[in-house]
Structures are given as C-alpha cells and as structure tokens.
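Residues per chain, in single letters:
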Amino acid sequence: MEKKEIHSSSDKWAESLLSVFDLALENQGPERTAQLLNKLADRLHASQDGLPRGFNTPYVNTIPPEQQSPFPGDWQMERQIKSYIRWNAMAMVVKANSTTNVGGHISTYASAATLYEVGFNHFFRGRTENFPGDMIYFQGHAAPGIYARAFLEGRLDEKHLQNFRQELVDGGGLSSYPHPYLMPEFWQFPTVSMGLGPILSIYQARFNRYLQARGLAKWTEEPKVWCFVGDGETDEPETLGSLTLASRESLDNLVWVVNCNLQRLDGPVRGNGKIIQELEAAFLGAGWNVIKVIWGSDWDDLLVRDKSGLLVKRMEEAVDGDYQKYSVEPGSYTRRHFFGKYPELLELVNHLTDEQIHKLLRGGHDTRKVHAAYQAAMEHKGRPTVILAKTVKGYGLGEAGEGRNISHQQKKMNEKELREFRARFNIPISDDVIAETPFYRPPADSPETKYLLERRKTLGGFLPARQVNPASPGLDVPKLDFFAEFFKGSSTEVSTTMAFVRLISVLLRHKGLSRNIVPIIPDEARTFGLDALFKDIGIYSSKGQLYDPVDSQSLLYYNEKKDGQILEEGITEAGSMASFIAAGTSYATHGVPMAPFYIYYSMFGPQRVGDLFWLAGDIRAKGFLLGATSGRTTLNGEGLQHQDGHSLLHAGTVPTLLAYDPAFAYEIAVIVADGLRRMYAKGEDVFYYLTLYNENYPMPPMPPGVEDGILKGLYKFKPGPEISQPGSAGVSPAHTELAGETPALPGIKAHIFGSGSIINSALKAQEILAERYGVSADVWSATSYKLLRTDALRCKRWNMLHPTAAPKKSYVETLLAKEQGTFVAVSDYMRLVPDQIAPWVPGGLMTLGTDGFGRSDTRARLRRFFEVDAESTVIATLYALAEKGLVERQLVENAIKELGVDPEKIQPQIV
Ligand SMILES: Cc1ncc(C[n+]2csc(CCOP(=O)(O)OP(=O)(O)O)c2C)c(N)n1
Ligand SMILES: [Mg+2]
C-alpha cells in the first residue's frame with residue numbers, strides 16, 4: 001500500500017514535469033528544449049556530488065512501434081527459409097561430430113539467424129559492375145549458418161556440407177570459419193579471432209571514404225560495411241577501442257549489429273548487469289547512433305497497456321542473469337518471477353498462457369523489428385549505427401542447449417531433440433531418417449527457393465563472395481632500372497630508414513604507381529623523416545584542415561587535406577594494421593589494387609599486434625610492412641621496451657610474409673622492386689616485412705650480379721683479402737699477447753654473415769681478422785634467413801619423399817658448397833634468426849645475436865654487452881676456427897685479451 005502511494009505521488013511529479021517538457025517542446029522547439037534539459041542536468045550534477053551521469057535510455061526498443069517502417073517481405077516465406085537454414089546449420093555440425101571430433105558451433109547462428117536473414121533478404125547488396133558489394137563481417141562462429149544458406153542458394157552442395165571442417169578429405173571441404181586464405185572465392189573477411197572483425201570494419205569503412213576522396217573508388221553508390229559482433233566479443237579491447245574514429249569520421253557507411261544473446265562461452269556476458277545498457281552508454285558516449293532491438297512485437301501490446309510504467313521498471317530491474325533464466329525456464333517461472341514481482345504486471349499478462357509467456361519473443365528474433373532497425377540504420381545520416389539486438393543463445397535448440405551455459409559447446413543432439421527441432425521449425429524430414437540428420441534443400445522450383453533467389457538477384461548477387469578479377473590490370477610497377485640511384489651508393493652517411501624514405505618519395509613520382517601508394521604511419525613520421533611527405537602528398541582528413549597549423553610557415557607543416565594520401569593514424573598500431581589490411585585487400589574488395597607502406601617502430605609490430613599480422617596473411621593482404629628503429633643495439637638509448645631483437649622471428653611465423661633484414665639502400669630497392677612486381681604485376685598473394693635501422697653509414701654501390709642473392713636471402717658482399725704472407729700455419733705462440741705480434745695464418749678462411757646495420761660489425765671484423773690474425777674472412781649479406789630456411793626445408797622434404805632420386809640441393813647449400821673454412825653469423829636479432837639455416841651450413845654455424853632484454857646505452861656499449869660488435873665477431877670467428885682445429889685455442893685466448901673483451905662479463909641472455 002505504501003509503495004503504491006509513493007508510486008502515485010511520483011507519478012504526479014512526473015506528470016507535471018512532462019507537461020512542462022511538452023510545452024517547452026511545442027513553443028521552443030527540440031534544440032532549445034535539449035539545451036534547457038542539459039542545463040538542468042548540469043545544475044543537478046553541480047549540486048549532487050558523485051551522481052552518475054546517465055548515458056542510457058530506458059530498456060526498451062529505440063524505435064517505437066508507430067515509427068517502425070513496414071516490413072516489405074513475405075514474412076511466412078522468410079520464416080520457412082530461415083528454418084531450413086537453421087536445420088542445415090545444425091545438421092552440419094551434428095553430422096560432422098557423429099563420425100569425427102572436428103567440433104563446430106550451433107548456438108551462435110541459432111541466436112543470429114534472423115539478424116542475418118533479414119540482411120540477406122533485404123539489405124546486403126552483392127557486387128555488380130559499378131558497385132563493389134556491401135562488405136559484411138560475419139561472426140566467425142556463425143559460419144555454419146552462412147554455409148547452410150549458400151547450400152539453399154545452390155552455391156554449395158551436400159558434399160560440401162558433409163565435409164564441414166574436413167578440408168583435407170578428397171574433394172575438399174568447408175573451413176571452420178571465414179578464411180579467405182582457405183576459401184578465396186567465398187569468404188572476404190576473417191573474423192574468428194574476436195575483436196579483429198570489429199576494428200577492421202571501422203577502418204574498412206574509413207578506407208572506403210579515403211578511396212572515394214582520392215577519386216579512386218569505382219562506384220556510383222557507396223557500399224555499406226556491416227559488422228556482426230558477439231556481445232562477449234565486445235570485451236576485447238580491439239572491439240571498442242576505435243569507436244570514436246568511426247563517429248569522428250562520420251562513417252554512416254558503417255553498421256554494427258551486436259548479437260546480444262547475453263552469453264559468451266562459459267556463461268553470461270554480464271550476469272549481474274545488462275550488456276545492452278552498458279554498450280548503449282559506450283556507443284552513445286562515443287558518438288554513434290544506437291538502435292536497441294530488445295523486445296519482439298508481442299511485447300508492444302503489453303507496453304502500451306502498462307500505464308503504470310511498472311513493466312519498463314521491471315525490465316530495467318532484471319539483470320541479464322535473470323533474462324537468461326527466463327529463456328530456459330517454463331513460462332510459469334517468468335510469470336512468477338518476472339511479472340510476479342508487481343501485482344499489476346501479473347494482471348497485465350493474465351490473458352496469456354504460460355506457453356505464450358515463454359514464447360514472448362526477443363527483439364533480435366523478430367523479423368519485423370530487425371528489419372525496421374536495419375532500415376533506420378540505412379537512412380541514418382552523419383554517424384555510424386550500432387544495433388544492439390537481444391537474442392537467445394542456441395535459440396530453437398530446446399533442452400539441447402537453448403540459453404544454457406553449455407550452449408556454446410553444444411555439438412550433438414539426440415533423436416528426441418532432433419524431432420523437437422524438426423517440429424518447431426516445420427522441416428519436412430521423415431521419422432525413419434531423422435536420426436541421420438539429413439540435409440534438407442527445397443526443390444529448385446519451390447516457392448522458397450524461388451523467393452530466396454529472386455531476393456538475391458534483386459540485391460545484386462550472392463554473398464559472401466570474394467572476387468578478384470583475373471583480367472583486371474595489375475599496376476604498372478617500376479622496373480629495376482627505375483631505382484638506379486640506389487645502386488650507385490652514396491658516400492654521405494645515411495640509414496636504411498632514410499634510404500627507404502628516399503625510395504618512397506621516388507616511387508611517389510612513378511607514373512604508374514604513385515596514386516596507388518598508401519603511406520601509413522602511427523604518429524612517427526617525424527621520427528623516420530617521413531614528414532617530408534606531408535607537404536607533397538598531404539595527410540588524409542575527411543574534414544580537410546579547419547585550422548591554421550602552428551607550423552604552417554615551415555616546409556614540413558602538418559598538412560591535412562581532403563584528398564591527402566598519407567594515413568596518419570595516431571598512436572594505434574592496431575588501427576594502422578587495420579588500415580594496412582583494408583588497403584592491402586583493396587584489389588579484391590574494390591577491384592582497385594593499392595600498395596600500402598606501413599612504417600612503424602618494429603618493436604610495436606607483431607609483438608603488439610601479431611594477430612593482425614597473422615590475419616593479414618589469411619585475408620591475402622598485399623603491401624609492405626616496415627619495421628623501423630629495429631635492432632636491439634642499433635636503437636640505442638631507448639632500452640628494454642623499444643629495442644627489437646625478435647620481430648623477425650614473429651614475422652617468420654606468418655607463412656606468406658616475406659621477411660627481410662636488409663643492410664644497404666640497394667638491397668631495399670631490389671626487394672621493393674621485386675615485391676611490387678610479384679604482388680601487383682604477377683598477382684601473388686604475399687606481403688613483405690622489411691626491417692629498417694637508424695644508424696648512418698655510407699651506402700655502398702651494388703656489386704654486380706647480386707640481385708638474385710638479395711631476393712633469395714644471402715650473397716657474398718665483400719670477399720676477404722688474399723693473405724699470401726707465410727706464417728706458422730695457425731700456431732699461435734702462447735706468449736704472444738700484444739696486438740700485432742700474432743703471426744699470420746695463411747690460407748685460413750672464414751665467412752661472416754651479417755644483416756642490417758650490424759653488417760658493419762662483420763666488415764670491421766673482416767679487417768681485424770686480416771690485419772691482426774691473418775684470417776681472410778668473406779662478408780656475406782644475409783637478407784633473409786627465413787627465405788633460406790623455407791627453401792632448404794622444401795628440398796629436404798622432397799629428398800625424404802624421393803629417397804632414390806638424385807637429391808635436390810637448396811640455394812644455401814649450393815651457394816656454400818664450394819666455400820672453405822668456417823661460418824659465423826652476426827645479427828642485431830636473436831641467435832634463433834640466423835640459427836634457422838644452421839643445419840645446411842657446411843660444418844655448422846656459429847651465431848652471435850642479441851638474446852635478452854635491451855638496455856639503454858650507447859650503440860658501442862650495447863654491442864659489446866650483447867657480443868655483436870666487431871671484436872666479439874673476431875673472437876667468435878677465431879673460436880669457430882679453433883673448434884675445427886684450424887687455429888690453436890690459445891690464439892682465441894690471446895685475441896680475447898688483445899681486443900679487451902672481459903671473458904667474465906655477464907651473459908645478456910637470461911636463461
Ligand atoms: C581472440 C579470441 N579469444 C577467444 C576465442 C574463443 N571463443 C570463441 S567463441 C567464444 C565466445 C563468444 O561469445 P560471444 O562473443 O558472445 O558470441 P556468441 O557466440 O555468443 O554469439 C570464445 C571465447 C576466440 N575465438 N578469439
Ligand atoms: Mg554472446
């Protein structure tokens with residue numbers, strides 16, 4: 001009774017406030033009224049310390065029934081089609097797991113079927129001549145449903161479905177998740193590593209605008225980017241991390257649909273709260289247009305009849321853990337626990353049976369509500385839209401997993417459960433075969449098939465579809481002689497980073513290629529000297545430049561332009577990679593090949609965003625990744641978290657990523673020229689990683705005939721001197737300790753592999769070895785241990801499988817076969833990098849590298865510390881010779897003393 005009184009007095013307050021509001025709205029208009037309300041809210045917050053500011057609207061649908069756009073389709077027909085798809089999606093997984101243990105997911109698609117089907121029947125447009133197609137990021141775990149639809153469309157047959165997750169059987173099968181690498185004509189976007197699809201979609205939508213602004217887009221109507229996201233997936237930092245970019249850039253070409261089935265894998269996403277409300281606040285705060293689709297049409301009538309406002313109050317009180325329970329328990333439970341909390345609400349549902357209460361739909365399962373939300377998203381201008389759709393995980397699975405915590409892992413159904421599923425969705429499968437879960441496809445001339453095909457035809461064709469037009473011209477890439485200036489060398493000291501900056505500015509003048517280059521930088525352009533490009537090609541900004549930059553008088557001012565070419569991403573390596581991927585796949589998504597050059601601190605590459613590197617391989621992105629400030633000792637001063645001595649190992653894990661560690665300007669030119677040729681003229685789906693260093697030294701001219709070696713990973717850069725002076729053949733008198741007194745060792749040969757700027761250690765060691773120890777060491781440039789290893793493994797495997805055939809010899813074996821002496825490698829990377837080729841080096845490989853955490857200090861001290869300086873290289877070479885009995889051990893001992901290396905110094909590697 002007391003409650004009731006409070007309730008009605010608060011009603012009076014509410015009524016009078018609302019009438020003032022109505023008056024204000026009528027007389028002052030919406031904008032003034034909004035200002036007024038904000039002022040009042042400010043006043044409230046100023047007077048009430050700590051009062052939270054709400055970014056939420058009530059827990060009901062954003063679009064009220066009276067504003068809902070009419071549903072243009074045949075509801076019944078679409079329901080039946082969807083039911084068949086549901087059945088086949090389930091059957092694929094159940095079948096696969098009846099004979100194998102390959103896994104699969106039923107319940108993600110079961111919750112999202114309506115969200116997809118409304119899209120397929122009414123919104124997602126396929127590629128046509130003047131339209132690249134809408135770009136749809138499907139939730140990876142919903143793949144069975146997408147395959148099941150393709151089956152109904154006749155794009156896949158029963159054999160495909162039968163071989164779901166069995167790609168290696170004869171004739172091939174379907175990959176578990178969206179992988180363009182594995183199904184290059186079907187999937188466009190890999191999404192199953194959670195959080196990556198969402199961030200990619202934002203940058204994809206922005207990249208589409210970039211292409212358009214630069215006059216490169218080939219469309220008459222702008223495509224939409226749709227991203228389907230799991231509610232659990234929103235916990236990934238990548239998912240929500242770039243939301244403000246989308247609103248800042250007014251990306252109204254972007255629509256997200258968050259499938260809020262309230263569950264992730266282990267249990268509820270927010271058992272004690274409400275994920276939809278939490279996300280609403282986040283998206284509203286980030287400036288998105290938010291459309292909540294919480295309740296199905298059956299609730300409309302209840303909400304209208306509830307004059308007390310108690311229903312909405314109750315909806316807001318219940319937490320997601322409760323809602324999950326309502327989806328599992330019978331209607332009587334919901335009647336008692338949800339409606340039963342207030343007698344008025346019990347009355348409100350008096351006319352409904354328990355069964356009807358149980359079937360009160362959630363918004364995301366209601367075709368009309370979903371359609372209205374999508375339509376509103378289409379029509380919205382100026383901001384990206386997110387649709388927060390409430391669904392039930394495992395919808396339709398009944399006791400087999402609907403709404404249950406185990407639902408995500410559900411892969412099997414017993415006969416009883418199959419019968420229930422069949423009955424619920426009206427699937428024409430007879431009792432005698434149901435236990436085999438046969439697939440069902442309506443006949444080609446059935447109304448369902450005709451309807452489905454007609455819809456797709458009207459919308460421009462099937463999706464998903466990845467199309468690369470083999471006839472479309474690649475890029476007119478520069479020939480090698482275009483880079484002539486880099487082959488001449490330069491006596492001025494420059495770094496490989498500076499050489500690259502020069503190279504990109506030269507490329508930007510190449511007629512065939514310049515417009516297709518996309519320089520991408522996460523706030524380090526000035527560090528790398530790329531700010532020279534600001535003025536020439538400008539920084540892309542959808543708004544142009546609304547201010548006079550402080551440095552406008554200077555040559556290198558921060559020049560933002562509507563058709564700027566540089567993507568200056570700010571401090572986001574994940575975002576920059578997303579841009580790299582959007583640009584690097586433009587040849588497929590847009591039919592417009594683009595060549596991204598993404599330059600960044602190498603330490604913050606694969607170590608930070610390795611999963612995006614991996615994805616770039618999967619999605620068949622092309623382009624160049626440039627890990628600048630690389631090397632554990634070349635980037636001096638910066639210390640442990642900046643000095644990179646391992647990105648080459650990370651990069652080596654991506655099968656299609658060609659990883660290079662060039663030492664000289666001409667090597668960079670040869671690699672980039674060949675990369676451009678392979679990716680953009682030949683059409684190979686590979687991409688490149690090049691380390692760049694910031695140590696300055698003179699760039700030598702290119703020795704003749706080394707191009708092939710540069711590309712394959714190893715070539716002789718500078719042979720050691722002829723040492724003719726006769727000596728004591730490797731015998732070093734124990735008493736000889738002073739420099740210069742050690743006798744020369746004629747005919748003793750060594751080989752030092754160097755990479756990146758640390759090749760200078762090798763070159764200096766070459767001099768010391770010749771001058772002081774009579775050893776002639778050839779210096780080789782090892783541009784890619786990864787490629788050498790791949791080639792060597794290929795040969796070894798072939799030999800193993802063809803044991804009686806003449807064995808093949810790898811490049812590195814052939815190259816080194818005729819060399820005498822011992823082999824040493826020195827690298828600014830971990831020893832594991834050169835160790836990759838050790839099994840194929842005659843007599844083994846002695847490696848020096850930078851294992852361990854970096855330190856802040858000078859280059860010289862760092863190189864001594866990590867034992868990769870010239871002196872350490874000399875010692876290692878002499879030791880390797882001693883190990884082979886080519887010099888005496890005493891000589892090594894002497895050299896250690898002569899060269900001032902402390903044999904008891906700490907080992908940098910922590911073991
Ligand atoms: C980065 C990453 N971490 C973990 C997983 C494993 N995983 C697959 S599905 C899933 C739960 C997904 O929940 P949600 O996002 O709510 O999607 P739903 O299936 O409920 O639609 C998890 C943890 C993954 N695929 N990717
Ligand atoms: Mg979920």
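Located above this text is the structure these notes cover.
Each value, and the rule that gives it
- Residues numbered from 1 in each chain as written.
- Chains lettered and ligands numbered in written order.
- Predicted model: local features only at pLDDT ≥ 70, side-chain atom pairs only at ≥ 80, totals over all residues.
- Heavy atoms only, no water.
- Patch = residues over 30% accessible without salt bridge, like charges linked within 9 Å, V, L, I, M, F, W, Y side chains within 5 Å.
- Areas by Shrake-Rupley, 256 points an atom, 1.4 Å probe, with all protein chains shown as cover.
- Salt bridge = Lys/Arg side-chain N within 4 Å of Asp/Glu carboxyl O.
- Helix = DSSP H or I, 4+ residues; strand = E, 2+ residues; numbered from the N terminus.
- 1 Å grid on protein atoms, 1.4 Å probe; cavity = no way out; pocket = protein on both sides within 12 Å on 5 of 7 lines; lining within 4 Å.
- Points joined across faces, edges and corners; volume = space filled by probe spheres on them.
- Nonpolar A, V, L, I, M, F, W, Y, C, P; charged D, E, K, R; others polar.
- Buried < 20%, exposed > 50% of the residue type's maximum accessible area, 1.4 Å probe, protein only.
- Pairing = 2+ DSSP bridges.
- Right-handed = clockwise from strand over helix to strand, strands pointing away.
- Axes fitted to C-alpha atoms, helices over the stretch in contact; angles between N-to-C directions.
- Parallel < 35°, antiparallel > 145°, perpendicular 65-115°, else oblique.
- Contact = heavy atoms within 4.5 Å.
- Phe/Tyr/Trp six-rings, centres within 6.5 Å; stacked < 30°, edge-to-face > 60°.
- Lys NZ or Arg CZ within 6 Å of the ring centre and 35° of its normal.
- Near = heavy atom within 4 Å.
- Polar contact = N/O pair within 3.5 Å; in protein donor to acceptor, adjacent residues only side chain to side chain.
- Donors = N, O, S within 2.8 Å, 3.2 Å for Na, K, Ca; no water.
- Disulfide = S-S within 2.5 Å.

Draft legend 1. Region of interest: a nonpolar patch on the surface. Residues Leu18, Phe21, Leu25, Leu37 and Leu40 make up a contiguous nonpolar surface patch of about 430 Å² in total accessible area. Among the structural elements, Phe21 can be located in helix H1 (residues 2-47).

Draft legend 2. A look at the layout of surface pockets. Considering only enclosed or pocket space, the largest pocket measures out at about 1000 Å³ in volume. For the largest pocket, the lining is made up of 42 residues, of which His358, Lys359, Tyr395, Glu402 and Arg424 are closest to its centre. Breaking the lining of the largest pocket down by element, the ones donating at least two residues are helix H2 (75-99), helix H10 (298-305), helix H12 (320-328), helix H15 (354-358), helix H16 (367-379) and helix H17 (415-425). Grouping the amino acids of the lining of the largest pocket by side-chain chemistry returns 16 nonpolar, ten polar and 16 charged.

Draft legend 3. Up close: the pairing of strand S18 (residues 776-782). Counting buried residues along S18, seven of its seven residues qualify, which places the element largely inside the surrounding structure. Of the two faces of S18, the one holding Ser776, Asp778, Trp780 and Ala782 and the one holding Ala777, Val779 and Ser781 are both buried throughout. Sheet topology places strand S16 (residues 714-718) next to S18; four bridges connect them, and they run antiparallel. Bridge pairing in S18 links Lys718 to Val779. With six bridges joining them, strand S17 (residues 749-754) and S18 adopt parallel strand pairing. Paired with Gly754 across the strands is Ser781, a residue of S18. In this fold, S17 hands off to helix H30 (residues 759-773), which returns the chain to S18; that crossover is right-handed.

Draft legend 4. View of the sheet that holds strand S5 (residues 385-390). Read from one edge of the open sheet, five strands run S1-S2-S3-S5-S4, paired in parallel fashion. The open sheet has two free edges, formed respectively by strand S1 (135-137) and strand S4 (289-293), since each of these has just one partner strand. Across this sheet, the average inter-strand angle for adjacent strands is 15°, counted without regard to direction. Where S1 and strand S2 (residues 225-230) come together, three bridges link them in parallel fashion.

Draft legend 5. Highlighting the packing of helix H24 (residues 573-584) against helix H26 (residues 606-618). Look at H24 against H26: their axes get within 9 Å of each other, and the N-to-C directions meet at 10°. In terms of their interaxial angle, H24 and H26 are classed as roughly parallel. Residues Glu573, Ala574, Met577 and Ile581 of H24 touch H26, and the partners they reach there are Arg608, Val609, Leu612, Phe613, Leu615 and Ala616. Per-class residue counts for the contact of H24 with H26 are eight nonpolar, no polar and two charged.

Draft legend 6. Spatial organisation of the packing of helix H35 (residues 870-883) against helix H36 (residues 889-898). Where H35 meets H36, the closest approach of the two axes is 8 Å, and the angle between their N-to-C directions is 170°. The orientation of H35 relative to H36 falls into the category roughly antiparallel. In contact with Ile875, Leu878, Tyr879, Ala882 and Glu883 of H35, H36 contributes Arg889, Leu891, Val892, Ala895 and Ile896. Tallied by class, the residues present in the contact of H35 with H36 amount to eight nonpolar, no polar and two charged.

Draft legend 7. Layout of the packing of aromatic side chains. Tallying each qualifying case throughout the model produces 53 aromatic pairs. On the numbers, 6.2 Å between centres and 10° between planes, the contact of Tyr109 with Tyr116 is stacked. Across the pair, Tyr116 and Tyr109 agree in class, each one buried. Taken together, a centroid distance of 6.1 Å and an interplanar angle of 50° make the contact between Phe528 and Tyr601 tilted. Of this pair, Phe528 sits in helix H22 (residues 525-528) while Tyr601 is found in strand S11 (residues 595-601), placing the two residues 73 residues apart along the sequence. According to the relative accessible area criterion, Phe528 is buried, its value standing at 4%. Overall, the relative accessible area of 11% leaves Tyr601 in the buried class. One cation-aromatic arrangement involves Lys274 over Tyr59; the distance from NZ or CZ to the ring centre is 5.1 Å.

Draft legend 8. Structural detail: the site of ligand 1. The environment of ligand 1 is formed by 18 residues, the closest being Thr108, Gln139, Asp231, Gly232 and Lys393. One nitrogen or oxygen atom from the main chain of Glu233 is found 2.9 Å from an oxygen atom belonging to ligand 1. One of the side-chain nitrogen or oxygen atoms of Asn261 is found 2.9 Å away from an oxygen atom of ligand 1. Taking 590 Å² as the accessible area of ligand 1 by itself, protein coverage stands at 76%. Its residues assigned to classes, the shell around ligand 1 shows three nonpolar, ten polar and five charged.

Draft legend 9. Here's a closer look at the sheet that holds S11. Strand order across the open sheet formed by six strands is S10-S7-S11-S12-S14-S13, with parallel pairing between neighbours. With one partner strand each, in any of the chains shown, strand S10 (567-568) and strand S13 (657-660) form the two edges of the open sheet. Across five bridges, S11 lies against strand S12 (residues 624-628) in parallel orientation. Of the residues in S12, the one forming a bridge with Tyr600 is Gly627. Here helix H21 (residues 496-507) sits on the sheet and contacts strand S7 (517-521), S11 and S12; the angle it forms with S11, its principal contact strand, is near 160°.

Draft legend 10. Quick peek at the environment of Gln820. Along the polypeptide, Gln820 turns up in the loop between helix H32 (811-817) and strand S19 (822-826). Taking relative accessible area as the criterion, Gln820 reaches 56% and is therefore assigned exposed. Residues Gln820 and Thr877, spaced 57 residues apart in sequence, show a C-alpha to C-alpha distance of 14 Å. Discounting chain neighbours no more than four positions away, the residues touching Gln820 are Lys749 and His751.

Draft legend 11. Layout of the coordination of the magnesium ion (ligand 2). Those protein atoms acting as donors to the magnesium ion (ligand 2) are Asp231 (OD), Asn261 (OD1) and Gln263 (O), and they sit at 2.0 to 2.1 Å. Written as a sequence motif, the donor arrangement for the magnesium ion (ligand 2) is D-x29-N-x1-Q. Of the two residues, Asp231 is situated in the loop between S2 and helix H7 (237-241) and Gln263 in the loop between strand S3 (254-260) and helix H9 (275-285); the sequence distance between them amounts to 32 residues. This pair shows no difference in class: Asp231 is buried, exactly as Gln263 is.

Draft legend 12. Geometry of the state of the cysteines. Here the structure, examined in full by the defined rule, presents zero disulfides. Unpaired in this structure, Cys227 has its nearest cysteine sulfur neighbour in Cys260, at a distance of 13 Å. Using a relative accessible area of 0% as the deciding quantity, one classes Cys227 as buried.

Draft legend 13. Expanded view of the pattern of salt bridges. Evaluated as defined, the whole model comprises 44 salt bridges. Between Lys369 and Asp300 there is a salt bridge, with the nearest N and O atoms lying 2.8 Å from each other. One end of the pair, Lys369, is in helix H16; the other, Asp300, is in helix H10, and 69 residues separate them in sequence. In this structure, Glu317 engages Lys313 in a salt bridge whose closest nitrogen and oxygen atoms are separated by 3.6 Å. Of this pair, Glu317 and Lys313 both sit in helix H11 (residues 310-317), four residues apart, roughly one helical turn.

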